[in-house]
Amino acid sequence: MVAAGALLLLPSLADAQTPPRVADYTFTATLDPVRHTVRADGTIRWTNPSSVAVSELWLHQYLNGFSGPRTYFMRTRSASTWPAHPPHWGRLAIESLRTGDGADLLPTATPDPAVPEDDSQLRVALPRAVAPGATIELAVRFTATLPEMVARTGYQGSFHLVAQWFPKVAVLEPDGTWAHFPFHANSEFYSDFGRYDIRIRYPRGYTIGATGPRVEGPALVDGLMEQRHVQEGIHDFAFTAWNHFRRADRRIQRVEVHVLHPPGNERGAARTLDLLSGALPAFERRFGPYPYPVLTVVLPPPGASAAGGMEYPTLITTGSFWWGPRRARDVEYVTLHEFGHQYFYGMVASNEHRYPFLDEGFCEYATARVMEDLFGRGGPLLDLPMLGPRLDAWSWEALGSSGIAHPLALDLGADQFPTWGRYGEHVYSRAAIVLRTMERRLGTRLFTATLRAYVDRARFSHPTPETFYAVVREQLGPPWEAFARTAFGTPWRYNLAVTGASSAREPDGRWRGYAVVDREGPFDLPVNVVFTDVRGSRSVVRIPNDRVMTIVPYDGSAALRSVSVDPEVTLPLEERRLDNARMADGHHAPTLPLIGRVAYWIAFALGSVGP
Amino acid sequence: MIRWISTGGRIGVVLGVAAIELGLAWLLGLASTASITETLSEHPLGFAALHAQGGRLLGDVIALNAQAWAPIGVLLAVAVLAWAVVWMLLGGMFPVLGSTAGVRWHRAAAESLRRAPTLLGLASIAGAGYALAAFAGYAATGWGARTALTRFDVRVVTLLGLVGWILGGALAGLITVWHDTARAHAMARGKTAMQSSGAAALQMAREPLSTVAAGVGYGLVAWSYLGAAWAISGLLDGKTSTAALVTVMAAQHLAVLGRVHARMKWFVWLGQRVSLAKARAE
Ligand SMILES: [Zn+2]
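Owing to the predicted nature of the structure, the values given are computational and were not obtained by experimental measurement.

**Quick notes on the sheet that holds strand β3 (residues 54-60) of chain A**
All names here are of chain A.
1) Next: One open sheet accounts for three strands, arranged β5-β3-β9; its pairing is antiparallel. Edge positions in the sheet fall to β5 (121-130) and β9 (168-169), since each of these pairs with one other strand and no more.
2) Next: Two elements, β3 and β9, share two bridges in a ladder whose sense is antiparallel. Within the sheet, the bridge partner assigned to H60 lies in β9 and is K168.

Encoded structure:
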């Protein structure tokens, strides 16, 4: 159910800012699906968005991360994530790079000397400085050789996911510093807004899905199919091609949604469309309008699942088993997450390399938030009756965060997390659960309005954590700004526990006793302590929770049975929830049914080898 | 007509075997959940905490008992293995009860132990057969998965990926029917492992429908009890009322009893077939 009816934060075109045009790309790109190459030529038109004149240009050539075993990407990968080397390496080779008046820029262009054996970056010296606000046009010709599917890029058989295939201008920050970095295995990307006008040429028989709406074609030109996609207000462009794609379309509000899927997975496609029919309005209600006319969802074919779970502007990849039960909502979860990136990455285009929590963490929060909007309390992720306890999206995030053994600050760069696992538990789970904690403390309505204010301010720009802190300060006041700075900017552990509970009958016939509440960690937010007596009646005490140990007195007409702290889960960022409640001394809760269930399954195992 | 009720030892054996199996299961259940129940008995929700807060508390329980999972796994594996060895030795007990009307259970057990070498021989052959089934299944699944990748319809891909599981499962079922039939031949007709192996194979070949179909039929009956108990406990999962708990416990215990009963009936049926064949042969 959609709980957001009361919010009435209806999208209007008025609050959609005009996206800046910093980097425009106009290419004609020809896909050779046999050689797995894309040959392209065209122009890059770049306008200096800073307040400083620059005489160099930094280009990212992310595809070169997959060009050999010694690249920075390959050296920094965790063994558990990407294979040591794809069977077929990729490469981005720029064959020509000239200014509008014909000056050849390639001879003096160099990779970053600070990163040996890696050419995922290219420093291009310009013949003349580009003044603030001035524009330079470069003519470029290049060939992208795709790797066999690795890190959501490349090909598998005749299926192609063409991403990071062109030289992309790095972001020049307002103070004139280039935000350039080598492609790290934990890291995603960072680039500037502009207009992409891409003509894709490909052999007959292939189906193409691409960023932005198709404005021309497909038509047969010189023996190849050709179609043109044009979109403004985006900062990347990807496309997919396969000669076995099936397609399902639906118009959802103003948006043409296309699902490209393998034959036989019509069910997955329908499920995706059904999901987005609810999710698109839900996202718009909470985070503002989705400004693009199209969205393409790619369900990769069997054997290419490594292509799944990635976001590009107006094009996302997910995954789906045709037989997957409806109430196992992993497909929904991934689809919502990747769609959420249209906000937190797409429009709110933070530096994914420097502040990955701003895209992944906020996106993960949005995912669970919309899971709850669409599927009810908790956002049930796995809700299979007969097959054990249900798992909620919020619990999933909280458990991811509570598994952190050695906390780091969340605002570190992607390359500052030692492993992919530690990157994930911090920037996805912990960041999401911090935002969820703010929501639980402030109420969904107020927190949604705050987050919406942040999205409105940051839309079509490059926010930093300071942007978010400023919005929090303005909307919620300095104490919440301090909370956010501590939660995102420092390493912490946090836990509340009831470590003692007891009562005894006194001469006047009343039962008196106490509960001990221990606190570990930095957040001194008041919480409720609930006493339950043996007759089942409850009494609530609010404690300031401003010290490491609080002793809360009990005075009741019956013996104390149990005590719990924060039963409403207003602090879901806690490390453990199990120790938030405790039986009073001398009382025990029933566990026999659990033993009985386990005994049954053991009897089942014994029976299968016995008589 | 099977004289089930009138056959002295059988009911006692069914009850006895089910009771021992359940008793052992409860002991192992107590031992393997000790650390978890200690944690949960401190929590006001007790066992129901596992179903509370959308899996949050279950996650905590799993994490808090992280050290316990490996020893629990070892304990259970050893127990199941020991139980398998016991029934390798006593594997002739049911066929004796099935083939000899009025025999007492201790006589059947003694006879079974006396023929232990033969039973071990048959169990070894069956074990090798299961290993072969597993390998064939594994190989077929690998072949299916590789073949699947050249297809594009995901339904075909899934089915080809499962082909080994399906074949291996069917093969394992056939081996079970063969093993039981061979044990019946060994016990009812005093044959050696090799002789009864051949006799069982011959019987399955001559009367494929009746032998295999009956084996599958009794197997299905046994599994349907377990399935029903699983369904009931699944439906009432997380319910904490006394009625729900009693229902689940009763269903699970009756299912184990029903399974042993169905298996016993299968051996009675087998024993009669083998005795008839023996009578014909004489
Ligand atoms: Zn993401």
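**Overview of the pairing of strand β18 (residues 255-261) of chain A**
Residues in a regular strand project their side chains so that they alternate between the two faces of the sheet.
Residue and element names in this part refer to chain A.
1) Next: Where burial is concerned, most of β18 is hidden: six out of the seven residues are buried.
2) Next: Hairpin connection of strand β17 (residues 246-252) to β18: two residues between the antiparallel strands, including Q253 at a positive phi of 55°.
3) Next: Across five bridges, β18 lies against strand β19 (residues 294-298) in parallel orientation. For V257, the partnering residue across the bridge sits in β19 and is L295.
4) Next: Crossover connection from β18 via helix α2 (residues 266-287) to parallel β19: handedness left-handed.

**Notes on unusual backbone geometry**
Among all residues save glycine, negative phi is the norm, and among peptide bonds the norm is trans.
All names here are of chain A.
1) Next: Put simply, G217 and P218 share a cis peptide bond, and its omega is 5°.
2) Next: Considering the arrangement of structural elements, one finds P218 in strand β14 (residues 214-221).
3) Next: Positive phi values are uncommon outside glycine, yet N545 reaches one of about 60°.
4) Next: Along the chain, the position of N545 falls in the loop between β27 (538-543) and β28 (549-556).

**Comments concerning the coordination of the zinc ion**
Residues and elements named next belong to chain A.
1) Next: Surrounding the zinc ion are the protein donor atoms H337 (NE2), H341 (NE2), E360 (OE) and E360 (OE), which sit 2.0 to 2.7 Å from the metal.
2) Next: Each of the four donor atoms bound to the zinc ion contributes to angles spanning 52 to 148°, and the resulting shape is irregular.
3) Next: Mapped onto the sequence, the donors of the zinc ion take the spacing H-x3-H-x18-E. Of this pair, H337 sits in helix α3 (residues 330-340) while E360 sits in helix α5 (residues 356-375), placing them 23 residues apart in sequence.

Rules and cut-offs
- Residues numbered from 1 in each chain as written.
- Chains lettered and ligands numbered in written order.
- Predicted model: local features only at pLDDT ≥ 70, side-chain atom pairs only at ≥ 80, totals over all residues.
- Heavy atoms only, no water.
- Pairing = 2+ DSSP bridges.
- Helix = DSSP H or I, 4+ residues; strand = E, 2+ residues; numbered from the N terminus.
- Buried < 20%, exposed > 50% of the residue type's maximum accessible area, 1.4 Å probe, protein only.
- Right-handed = clockwise from strand over helix to strand, strands pointing away.
- Donors = N, O, S within 2.8 Å, 3.2 Å for Na, K, Ca; no water.
- Tetrahedral: all angles 85-135°; square planar, octahedral: opposite > 155°, others 65-115°.

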